[in-house]
Every structure is written in structure tokens, then in C-alpha cells.
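Inside the fold
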Amino acid sequence: MTRLFTATMACVLTAGAAAAANPPLKIYNGDRRTDTVYTAKHYLIGVTEPGATAYINGKEAHVYRTGSFGAEVTLSQGDNNIPVTVRTKGGTTDTNVHLVLAQRPAVASTAPEETFTLPEPVAVTTTEGAYLQYGNGGDRLGGSKMGFIDAGIPLTAVGETRNLYKVALGQQAFAYVPKEYVNAGGEGMKVYNTGSTSVSNIGTADRVAVSLPGRLPYSSYTEIDPSTIVVKLYGATNNTNWLTQRNTPGMIDYVDLRQDESDVLSLIIHLKEKYQWGYSIAYDGNVLNIDVRHRPASLELKDLTIGLDAGHGGPYPGAHSPSGLTEKEVNLDIVLKLADILRKKGANVVLTRSGDTGPSMTERKNIWREAGVNLAVSVHNNASGNPLIPMGTSSYYKHLFSRALAQNLHSSMLELGLANFGLTGNFNFSLNGPTDFPNALVEVLFMSSLPDEEMLADPEMRTRLAQQIAKGIENYLAQVKASL
């Protein structure tokens with residue numbers, strides 16, 4: 001992996017071998033399969049050997065150390081032929097790039113898929129991996145998730161799309177569940193009175209246990225000011241006449257029960273500390289257990305287990321850069337460097353992959369859960385936008401309690417002088433989904449940006465990027481420590 005830069009150049013140089021002393025020249029088309037485009041302003045990108053001089057439409061274009069170069073050209077309607085020339089002391093290579101500017105064809109409506117009301121309600125039961133989502137929309141990351149729920153929970157479907165059931169969670173509450181995560185049958189969702197509820201310290205977590213006559217669906221969210229976890233229990237009416245605290249909790253201050261609607265009960269879990277370390281929700285029989293993890297006894301790296309994920313891998317290369325870098329290689333190189341940095345500081349590091357493999361998202365999450373990681377970071381690199389400018393770095397989180405981790409990672413990366421592509425919340429990426437531990441995604445730079453690509457191709461820069469991610473983790477831990 002330390003020879004990424006050299007390997008990329010070899011790929012480009014091979015294309016020009018037949019031209020003897022003349023420099024190689026490749027026009028980069030990205031995902032475009034034809035020479036037809038639909039906007040007058042077009043980014044034309046080429047790749048040659050480093051040190052060459054390049055011209056597009058007669059104007060010199062900067063050649064990066066990767067050999068990539070480019071310019072924005074303005075096209076006329078119909079046929080356009082754009083001359084491209086690269087020169088070295090050994091010779092000159094010329095080509096004409098043919099592009100056709102056409103009217104954009106009409107596209108099918110992108111309106112959300114219609115939900116049809118079922119003639120009669122249908123009883124279904126959740127299976128392993130089920131989750132609820134707010135609506136019937138979606139994108140490449142899927143619909144926005146309310147959260148994962150346990151298996152064996154009866155639901156009542158009242159509508160459907162091609163891939164989703166619309167399920168009633170109460171008189172006024174509805175959600176959607178993928179059809180692949182439910183089985184038909186059962187009695188459907190019921191309304192139950194809650195029984196006894198207790199709070200207890202079980203060692204590494206505090207447990208809120210709610211007894212019920214049967215399983216009910218739920219969702220959860222976190223607040224950071226004040227520090228709370230809110231669990232909504234659908235189909236529940238509050239018949240808990242005592243809420244017992246059995247011993248001294250480590251993280252929970254107190255729990256409040258609030259009947260927001262006639263059939264929706266909220267458990268509001270107030271925490272003692274500003275920063276949260278994750279929680280899980282699962283049924284044991286018909287008892288709903290909410291386990292709130294304690295803060296680690298020590299916030300020193302040498303006493304913590306850090307989960308790291310190198311995005312993509314195996315048959316899933318991710319984005320490609322113009323000069324031939326693949327995202328899966330760059331991600332892994334940065335993560336291996338980061339793991340080495342953290343291990344030298346004493347941390348126990350758990351990788352979702354250490355080579356060119358492509359574990360599923362479920363497998364990656366299970367690796368972290370089984371290892372009991374204290375926090376986790378996934379590393380990717382972005383693509384899209386203007387390839388001629390630095391597009392920059394960004395960090396992402398789903399749940400509010402992970403915002404501080406993502407924010408520290410982002411601030412640390414910006415110390416390198418990288419362009420700021422932003423800090424993004426409510427991100428629907430699968431590895432941001434777990435509530436078991438603080439987690440964040442770092443999109444380091446853009447594979448598609450020529451100046452960003454040049455940085456990613458440099459092994460020394462990838463080391464610096466890894467160092468800044470490590471610094472972001474340390475800054476987060478220091479921030480937590482200062483709050484105690």
C-alpha cells in the first residue's frame with residue numbers, strides 16, 4: 001500500500017508504451033458511456049505522465065503529480081471537437097475529444113412510490129435485522145431509519161408499496177418496514193398495559209426493564225442538552241405504579257414515564273453525564289430491556305478498544321480517481337496507518353477488514369459489537385462535484401450522542417488546511433446506525449477532485465491524514481474527560 005503512487009503511474013504509462021518517446025494520453029470519462037452530454041459547461045479530464053505539459057483547447061492546463069489534468073470547456077449545441085495536447089522533451093501526443101451537446105431527454109418522475117391501502121389489515125411479525133423507517137422514500141442509502149427493532153414483534157400492516165409495508169404503531173402513529181424483514185401471520189399489534197419497571201446496575205451497563213404481556217414495537221432517539229435517551233413504546237398504556245431502582249446506577253440519573261398519546265408511552269432516561277457511551281434495546285421474553293453503557297473506567301487510549309472500518313473492499317472498489325486509484329485501496333491504507341498509530345499509543349484496535357475483503361455491513365457491525373468497542377470510526381473517500389477544485393473533507397453521524405465524536409474528527413482534519421465539505425448529521429449510512437457505541441464516518445477527501453487526488457496519492461499525506469483522525473479521537477476523549 002505504501003507504493004500506491006508508483007502503481008498508479010505505472011497504469012498510466014503502460015497506455016503510452018506503444019508511442020515510444022511520445023507521452024501517454026488518456027481521456028478520463030468517469031461513468032459516462034457515450035460522448036453525449038447535456039450541459040454546456042463540461043469538465044474535460046485527462047491523464048498523462050507527471051512533468052508533462054498539457055493543453056486543452058489551446059490553453060495550458062496544470063498537470064498534477066498524479067499525471068491528471070483538466071479544464072472547464074463551454075460546448076456549443078451539437079458536435080464539438082476539443083483538441084488536447086501533451087508534451088515532454090521526448091515528444092508530443094495529440095488527440096481530439098468529440099462531445100455532442102444534446103437536449104436532456106425526459107426522465108421518469110422521481111416522486112415517492114405511492115402507498116396503497118390494503119383492503120384488510122395484514123398481521124406480520126418482524127424477523128432478525130428488521131428496522132422501521134419514517135416514510136416510503138429512499139435513496140442510495142435507503143429510507144431514513146427510525147431504528148432497528150428486535151425479532152418477534154407483531155405488527156399490523158395497513159398499506160404497502162412494492163417493497164414496504166406501512167404499519168400502524170398506534171391511532172396516530174405509522175411507520176414503514178421492509179417486506180423482506182417480516183413474516184406474514186400472527187395476531188397483529190396489540191395495545192398492552194405496562195407492568196413493573198425497574199432500573200438496575202448490571203455491571204458494565206444500567207438496565208431499564210419494562211414488563212409487558214407481549215412484545216410491542218419501539219423507537220428511540222438521544223438528546224444532548226440535557227443528556228437523555230428517549231424510548232417510545234408503541235401500543236403501550238402506562239400502568240406502571242412503581243418504578244424501582246434496585247441499586248446505584250452508573251450512568252442513569254433517573255427515568256420518567258410519559259404518556260404522550262393514548263397508546264404511545266415514552267421512557268425518558270436522564271443521564272448523569274454529558275457524554276453517552278451507547279445503549280441497546282432488546283426483548284428477553286416479553287420484558288423490554290434498555291441497557292445504557294457505562295463510561296469506560298479510563299479514557300486513556302491504552303485502556304480502550306477502538307473499532308476501525310476501511311470502506312468498500314474485495315469486489316466493491318468504491319470510487320475511482322482519474323489516474324487509477326481505487327477508493328478501497330486508499331481507505332485501507334489510511335486505516336492501517338491509523339491502526340498502527342493507535343496501537344503504538346496502547347489502544348486495542350478492531351478492524352472490520354485488514355486486507356482486500358468485502359464484508360457486508362451486518363458483518364462489520366457484528367465484528368464491532370462482539371469486540372465490545374468503546375467507539376468506532378469508518379473511513380471512506382468521496383466522489384462528485386467540480387474536479388478542478390479541492391472539494392475537501394467531511395464527517396458524518398446519525399445519532400446526536402455521536403455528534404461530538406464526528407465534530408472532533410472534522411475539526412482535526414481541517415487543521416491540515418483541507419477544504420471544508422461540512423459536518424453532517426442524521427446520516428443514513430449503515431455503520432452510523434448502531435446505538436451501541438459512539439461512531440462516526442470520515443469522508444477524507446474526494447477521489448474525483450484532481451487536487452484532492454494528488455494528496456491521496458501521496459503516502460506521506462495519507463500518514464498525515466491518519467494522524468489527524470487519531471488526533472480527533474484523542475481530542476474527543478479529552479473533551480469527555482474535561483466534562484467530568
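Going by the structure above, here's the rest.
Residues numbered from 1 in each chain as written. Predicted model: local features only at pLDDT ≥ 70, side-chain atom pairs only at ≥ 80, totals over all residues. Heavy atoms only, no water.

Here we look at the packing of aromatic side chains
The geometry of an aromatic ring pair comes down to the distance between the two centres and the angle between the two planes. What the rule picks out here adds up to ten aromatic pairs. Ring geometry for Y218 versus Y283: centroids 6.2 Å apart, planes at 50°, classification tilted. One end of the pair, Y218, is in strand β19 (residues 218-224); the other, Y283, is in strand β25 (residues 279-284), with 65 residues separating them in the sequence. Residue Y283 is classed as buried on the basis of its relative accessible area, which comes to 9%. Here a set of aromatic residues connected by ring pairs shows up, and it is made of Y131, F148 and Y181. Here K145 stacks its cationic end above the ring of Y131, 4.6 Å away from the centre of that ring. Between the NZ or CZ atom of K179 and the centre of the ring of Y165, over which it lies, the distance is 5.2 Å. (Phe/Tyr/Trp six-rings, centres within 6.5 Å; stacked < 30°, edge-to-face > 60°. Helix = DSSP H or I, 4+ residues; strand = E, 2+ residues; numbered from the N terminus. Buried < 20%, exposed > 50% of the residue type's maximum accessible area, 1.4 Å probe, protein only. Lys NZ or Arg CZ within 6 Å of the ring centre and 35° of its normal.)

Remarks on unusual backbone geometry
Cis geometry marks the peptide bond from D225 to P226, where omega comes out at 5°. If you trace the backbone, P226 turns up in the loop between β19 and β20 (227-234). Positive phi, normally seen in glycine, also occurs at N57, with a value near 60°. Along the chain, N57 turns up in the loop between β4 (53-56) and β5 (59-61). With a relative accessible area of 42%, N57 lands in the partly exposed category.

Things to note about the sheet that holds strand β23 (residues 252-261)
Strand order in the open sheet made by the four strands is β19-β20-β24-β23, with antiparallel pairing throughout. Because the sheet does not close on itself, it has two edges, and the strands there are β19 and β23. Each strand of the sheet is rotated relative to its neighbour by a mean of 20°, with strand direction disregarded. Looking at chain direction, β19 and β20 are connected through seven bridges and run antiparallel. Residue pairing for β20: I224 is matched across the bridge by S227. (Pairing = 2+ DSSP bridges. Axes fitted to C-alpha atoms, helices over the stretch in contact; angles between N-to-C directions.)

A look at helix α4 (residues 403-414)
Taking 1.5 Å per residue as the helical rise, α4 with its twelve residues ought to reach 16 Å, and the 16 Å between its terminal C-alpha atoms agrees with that figure. Those residues of α4 lying buried are A404, L405, A406, N408, L409, H410, S412 and M413. Where α4 is buried, its residues meet β29 (375-382), β30 (393-396), β31 (420-424), β32 (439-446) and α6 (459-483). (Expected span 1.5 Å × (residues − 1). Contact = heavy atoms within 4.5 Å.)

Focus on the side chain of E327
By the secondary structure assignment, E327 is in helix α2 (residues 327-344). We note that E327 is buried and unpaired, the nearest opposite charge coming from R353 at a distance of 8.1 Å. (Lys, Arg positive; Asp, Glu negative; His and termini not counted. Salt bridge = Lys/Arg side-chain N within 4 Å of Asp/Glu carboxyl O.)

Observations regarding helix α3 (residues 361-371)
Turning to α3, its buried residues number three or more, namely R364, K365 and W368. Buried residues of α3 fall within an arc of 95° about the axis and therefore sit on the same side. Looking at the buried positions of α3, the neighbouring elements they touch are β11 (145-148), β27 (305-310), β28 (348-351) and β29. A positive phi of about 65° marks G372, the residue just after α3. (Arc of directions from axis to C-beta.)

Considerations on the packing of α2 against α6
Viewed as axis vectors pointing N to C, α2 and α6 meet at an angle of 55°, and their least axial separation amounts to 8 Å. Compared by their axis directions, α2 and α6 come out oblique. In the crossing of α2 with α6, the sense of the turn from one axis to the other is right-handed. Seen from α2, the contacting residues are V330, D333, I334, K337, L338, I341 and L342; seen from α6, they are P459, R462, T463, L465, A466, Q467, I469, A470 and I473. Across the contact of α2 with α6, the residue classes break down as eleven nonpolar, two polar and three charged. (Parallel < 35°, antiparallel > 145°, perpendicular 65-115°, else oblique. Left-handed = near helix turned anticlockwise from the far one by under 90°. Nonpolar A, V, L, I, M, F, W, Y, C, P; charged D, E, K, R; others polar.)

What about the nonpolar core?
Grouped together as the largest cluster of nonpolar side chains are 92 residues, with contacts concentrated most on L233, L308, L342 and L465. Element by element, the count of residues in this core is highest for α6, at nine residues. Leave out the neighbours within four places in its chain, and L233 touches V210, L212, L216, P217, Y218, D263, V264, L265, L267, Y283 and L288. A54, V63, L75 and V97 belong to the second-largest nonpolar core, a separate cluster that totals 17 residues. (Core = buried A, V, L, I, M, F, W, Y, C linked by side-chain atoms within 4.5 Å.)

Focus: the packing of α4 against α6
Two elements in contact, α4 and α6, have axes separated by 8 Å at closest approach and are oriented at 135°. Classified by the interaxial angle, the pair formed by α4 and α6 is oblique. Between α4 and α6 the crossing geometry is right-handed. Contacts from A404, L405, N408, L409, S412 and M413 in α4 reach L465, Q468, I469, K471, G472, I473, N475, Y476 and Q479 in α6. Residue composition of the contact of α4 with α6, grouped by class: eight nonpolar, six polar and one charged.

Treat this as a map of the structure, not an account of what it does.
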